[in-house]
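The residues making up each chain are set out below.
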Amino acid sequence: MTERDTARALAHPEAAAIRLEGVLHALSDPLRLSIVRDLAGSATELACSHFDLPVTKSTTTHHFRVLRESGLVRQTYRGTTKLNALRRTELEDLFPGLLDSVLAAAAAEDARPVRILT
């Protein structure tokens, strides 16, 4: 790793420091959950620019920071591109079945018919 690469390295919590309440908080936001769903469905890392979120760039940056600081994603620079990957193995070791359960629940919610109250 070069000196420049070290300067651009992002802080990530060690696996032992990842807390359930932080993970659940990060997943409670619909935009962050949609990011996690996209990452879970991808076999490769995805650039921040891959995600078309209906918010400003600074708000998008905030959402990715919450996901990184909670321990859900690992972000790395490749050139000027910031790549994102789920920390699936670490999360599964810490909270067995949690991520798959949340993703399955989100998919089931999408499949439910919308009920309009009158």
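Our subject is the structure listed above.
Treat the numbers as computed from the prediction; the structure is a model and nothing was measured.

Engineer: Whenever I open this one, the overall build of the protein confuses me. Can you help?
Structural biologist: The helix and strand inventory of the protein stands at six helices and three strands. Start at the N end of the protein and walk to the C end: the helices and strands fall as α-α-α-β-α-β-β-α-α. Principal-axis analysis of the C-alpha atoms places the extent of the protein at approximately 60 × 35 × 25 Å. Of the contacts formed within the protein by residues at least 6 apart in sequence, a portion of 65% connects residues at least 24 apart. Only carbon and sulfur atoms are counted for the fraction: they give 55% of the accessible area of the protein, which is about 7,700 Å². Counting 15 positive and 15 negative side-chain charges, the protein places the averaged centre of each group 4 Å from the other.

Engineer: Mind showing me how you'd approach the layout of surface pockets here?
Structural biologist: It is the rolling of a water-molecule-sized probe over the atoms that shows where space remains empty. In this structure, the largest pocket encloses a volume near 300 Å³. Taken together, 14 residues form the lining of the largest pocket, with Cys48, Lys57, Thr60, Thr61 and Lys82 sitting closest to its centre. Of all the elements in the fold, those that place two or more residues in the lining of the largest pocket are α4 (57–70), β2 (73–78) and β3 (81–86). Among the elements that make up the lining of the largest pocket, the one with the highest residue count is α4 (six residues).

Engineer: Please explain empty space enclosed by the protein as it appears in this structure.
Structural biologist: Overall, the coordinates contain one cavity of 30 Å³ or more when judged by the stated rule. If you add up the space inside the largest cavity, you get close to 30 Å³. Lining the largest cavity are Val23, Leu27, Leu72, Leu91, Phe95, Leu98 and Leu99. Contributions of two or more residues to the lining of the largest cavity are made by α2 (20–27) and α6 (98–111). Among the residues making up the lining of the largest cavity, the classes are represented as seven nonpolar, no polar and no charged.

Engineer: Looking at this structure, how should I read the packing of helix α3 (residues 30–40) against α6?
Structural biologist: For any two helices packed against each other, one specifies the crossing angle of their axes together with the interaxial distance. Where α3 meets α6, the closest approach of the two axes is 11 Å, and the angle between their N-to-C directions is 110°. When the axes of α3 and α6 are compared, the pair comes out roughly perpendicular. Taken together, the residues of α6 that come into contact with α3 (itself represented by Leu33, Val36, Arg37 and Ala40) are Leu99, Val102, Leu103, Ala106, Ala107 and Asp110. Class assignment for the residues of the contact of α3 with α6 results in eight nonpolar, no polar and two charged.

Engineer: Where do I start with α3 in this structure?
Structural biologist: Residues three or four positions apart in an α-helix share a direction because the helix packs 3.6 residues into each turn. Considered for burial, the residues of α3 that qualify are Leu31, Arg32, Leu33, Ile35, Val36 and Leu39. Elements that come into contact with the buried residues of α3 comprise α2, β1 (46–47), α4, β2, β3 and α6. If you check the start of α3, you find a side-chain oxygen 2.9 Å away from the backbone N of Leu31, and it comes from Asp29.

What counts as what
- Residues numbered from 1 in each chain as written.
- Predicted model: local features only at pLDDT ≥ 70, side-chain atom pairs only at ≥ 80, totals over all residues.
- Heavy atoms only, no water.
- Helix = DSSP H or I, 4+ residues; strand = E, 2+ residues; numbered from the N terminus.
- Contact = heavy atoms within 4.5 Å.
- Areas by Shrake-Rupley, 256 points an atom, 1.4 Å probe, with all protein chains shown as cover.
- Lys, Arg positive; Asp, Glu negative; His and termini not counted.
- Charge placed at Lys NZ, Arg CZ, Asp CG, Glu CD.
- 1 Å grid on protein atoms, 1.4 Å probe; cavity = no way out; pocket = protein on both sides within 12 Å on 5 of 7 lines; lining within 4 Å.
- Points joined across faces, edges and corners; volume = space filled by probe spheres on them.
- Nonpolar A, V, L, I, M, F, W, Y, C, P; charged D, E, K, R; others polar.
- Axes fitted to C-alpha atoms, helices over the stretch in contact; angles between N-to-C directions.
- Parallel < 35°, antiparallel > 145°, perpendicular 65-115°, else oblique.
- Buried < 20%, exposed > 50% of the residue type's maximum accessible area, 1.4 Å probe, protein only.
- Polar contact = N/O pair within 3.5 Å; in protein donor to acceptor, adjacent residues only side chain to side chain.

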